[in-house]
Amino acid sequence: MDHSKMEGMDHSQMEGMDHSQMQGMDHSKMEGMDHGQMQGMDHSKMDGMDHSQMQGNDPSKMEGMDHSQMQGMDPSKMEGMDHSQMQGMDHSKMDGMDPSKKPAMDMGSMNMQGGSAPPDARDPDYSDGVDAGAMSGMGGMHGHSLLGSVIVDRLEQFHGDDANGQAIDAQAWYGSDLNKLWFKLDGERSDGRLGATRSELLWNRAFATYWGWQAGARHDFGEGPGRNWAAFGLQGLAPYWFDVQATAYIGEAGRTALRVEAEYELLLTQRLILQPDVEVNVYGKNDAARGIGSGFSDIDVGLRLRYEITRKFAPYVGVVWSRKFGKTADFARADFGQVEDTQLVAGVRLWF
């Protein structure tokens, strides 16, 4: 039946009309039909309706169809329309229909992966067939490899009110992650003479991440008679990356001492680094031959700015303030020395 030619037809009087038997009806050409006012028909539940099976219905022409302008049709009177017999209509997909009549879906037969993986697919663990093993050049990374390093933290020329000269602060170590042998050297040369210089040979045993116990021997030379000490302490990185060394010493004739040193590296850029540091010395008894008094002896505070041309070579400039206290200050005055001094320094930091 071709309604496309039936312009002006008034369906408003066609009550009770049964479309269920109308096969082959082509609604695609029905101009002006207004379904918007069809009473009794609930379009809100017709989601998923399969029009593709409706005989005679051509869905390709139904896009953009405006039912509100279909001429002559008054859906408000179309009561009692029975769509239940429309052949080809799939009511199983209509939301709101009776679920008990929906065909059961067999999930067991569904292959979610879509078949076998392509030949060039990667392994599930992204290994690409490469077995786990030691990294080349890393020596196993198990704390047993022997390595070594030499760090000349300060090799500098200083100029102060008291004197001019050169100073060095260097460390070297050799060993594994757990056990290392450390050598430390800290001293100066002024007015052509070797000043107070300290050397230490220590065994380092790691007890935590970035921390190790140290024990060994210290020898003082340069200014006055030499002194030997047994050394016990620790070294590591404190929170916020402060490099800390604290060592206690027991020497000949009941001498005791404590030295604490801390420094920090502030990266202004990736190459420009500001390094503040402080060193404090405390002694248990007087040692007049070396100009050392008991108690809080002296403090050095430095601020150096270096530029790392490479990680292993960095020139720097800075300033150092030093002060003697107590009996140590008294010994300095008696020897016509400076109790307090400010020095300008320039040098280089090396790493091997």
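This structure is a prediction, so every number in the text was calculated from the model and none was measured.

If you tally the helices and strands in the chain, you get one helix and 14 strands. Here the contacts in the chain between residues at least 6 apart in sequence split such that 51% fall between residues at least 24 apart. Total accessible area on the chain stands at roughly 21800 Å², and carbon and sulfur atoms take up 56% of it.

Let us look at the confidence of the model for the chain. When pLDDT is averaged across the chain, the result is 76; 60% of the residues are at 70 or more. Note that residues 59–65 has pLDDT below 50 and, in this model, eight contacts with residues that lie over four places away or in other chains. Low pLDDT, under 50, characterises residues 67–73; the predicted model gives this stretch 28 contacts beyond four residues in sequence or across chains.

This paragraph deals with the environment of tyrosine 264. Topologically, tyrosine 264 is positioned in the loop between β9 (256–263) and β10 (266–267). Sequence spacing of tyrosine 264 and proline 276 is 12 residues, and the spatial spacing of their C-alpha atoms is 5.8 Å.

Attention now moves to a nonpolar patch on the surface. A grouping of Leu181, Phe183, Leu201 and Trp203 is seen on the molecular surface, where their side chains present a nonpolar patch of about 410 Å² in accessible area. Taken together, the elements giving at least two residues each to the nonpolar patch come down to β3 (179–190) and β5 (197–208). Residue tryptophan 203 is classed as partly exposed on the basis of its relative accessible area of 44%.

What follows concerns the packing of aromatic side chains. If you walk through the whole model with that rule in mind, you get six aromatic pairs. When the ring of tryptophan 229 is compared with that of tyrosine 249, the centres are 6.3 Å apart and the planes differ by 70°; the resulting orientation is edge-to-face. A residue pair is termed long-range when its members are at least 10 positions apart, and tryptophan 229 in strand β7 (residues 227–238) and tyrosine 249 in strand β8 (residues 242–251) qualify at 20 residues. Classification of tryptophan 229 as buried rests on a relative accessible area of 7%. The class for tyrosine 249 is buried, based on a relative accessible area of 2%. On the basis of an interplanar angle of 50° and a centroid distance of 6.5 Å, the ring pair of tryptophan 229 and tyrosine 283 is categorised as tilted.

When its volume is computed, the second largest pocket comes out at roughly 1200 Å³. Ile151, Trp182, Gln235, Leu237 and Asp243 are the residues nearest the centre of the second largest pocket, which is lined by 33 residues in total. Here the residues of the lining of the second largest pocket are counted per class, giving 13 nonpolar, eight polar and 12 charged.

Our focus in this paragraph is the pattern of salt bridges. Per the counting criterion, the structure on display carries 18 salt bridges. Ionic pairing is found between arginine 255 and aspartate 287, a salt bridge with its closest N-O pair at 3.6 Å. Of this pair, arginine 255 sits in the loop between β8 and β9 while aspartate 287 is found in the loop between β11 (272–283) and β12 (295–307), placing the two residues 32 residues apart along the sequence. Here arginine 255 and aspartate 287 have matching classes, each one buried. Between glutamate 308 and arginine 311 there is a salt bridge, with its nearest N and O atoms 2.7 Å apart. Classification of glutamate 308 as buried rests on a relative accessible area of 4%. Among the residues examined, arginine 311 registers a relative accessible area of 54% and is labelled exposed. Salt bridges sharing partners connect three or more residues here, namely Asp153, Arg154, Asp169, Glu265, Arg306, Glu308, Arg311 and Arg349.

Ranked by size, the top nonpolar core spans eight residues in total: Trp182, Leu202, Trp229, Ala231, Tyr249, Ala257, Tyr283 and Ile292. Formed by five residues, the second largest nonpolar core is a distinct cluster that contains Phe158, Ala167, Tyr316 and Val320.

Alignment of strand β1 (residues 147–160) against strand β2 (residues 164–175), held across 12 bridges, turns out to be antiparallel. Residue pairing for β2: valine 150 is matched across the bridge by alanine 172. Count of turn residues in the β1/β2 antiparallel hairpin: three residues. Hairpin connection, β2 to β3: the antiparallel pair is bridged by three residues.

The rules behind these values
Residues numbered from 1 in each chain as written. Predicted model: local features only at pLDDT ≥ 70, side-chain atom pairs only at ≥ 80, totals over all residues. Heavy atoms only, no water. Helix = DSSP H or I, 4+ residues; strand = E, 2+ residues; numbered from the N terminus. Contact = heavy atoms within 4.5 Å. Areas by Shrake-Rupley, 256 points an atom, 1.4 Å probe, with all protein chains shown as cover. pLDDT = per-residue confidence, 0-100. Patch = residues over 30% accessible without salt bridge, like charges linked within 9 Å, V, L, I, M, F, W, Y side chains within 5 Å. Salt bridge = Lys/Arg side-chain N within 4 Å of Asp/Glu carboxyl O. Buried < 20%, exposed > 50% of the residue type's maximum accessible area, 1.4 Å probe, protein only. Phe/Tyr/Trp six-rings, centres within 6.5 Å; stacked < 30°, edge-to-face > 60°. 1 Å grid on protein atoms, 1.4 Å probe; cavity = no way out; pocket = protein on both sides within 12 Å on 5 of 7 lines; lining within 4 Å. Points joined across faces, edges and corners; volume = space filled by probe spheres on them. Nonpolar A, V, L, I, M, F, W, Y, C, P; charged D, E, K, R; others polar. Core = buried A, V, L, I, M, F, W, Y, C linked by side-chain atoms within 4.5 Å. Pairing = 2+ DSSP bridges.

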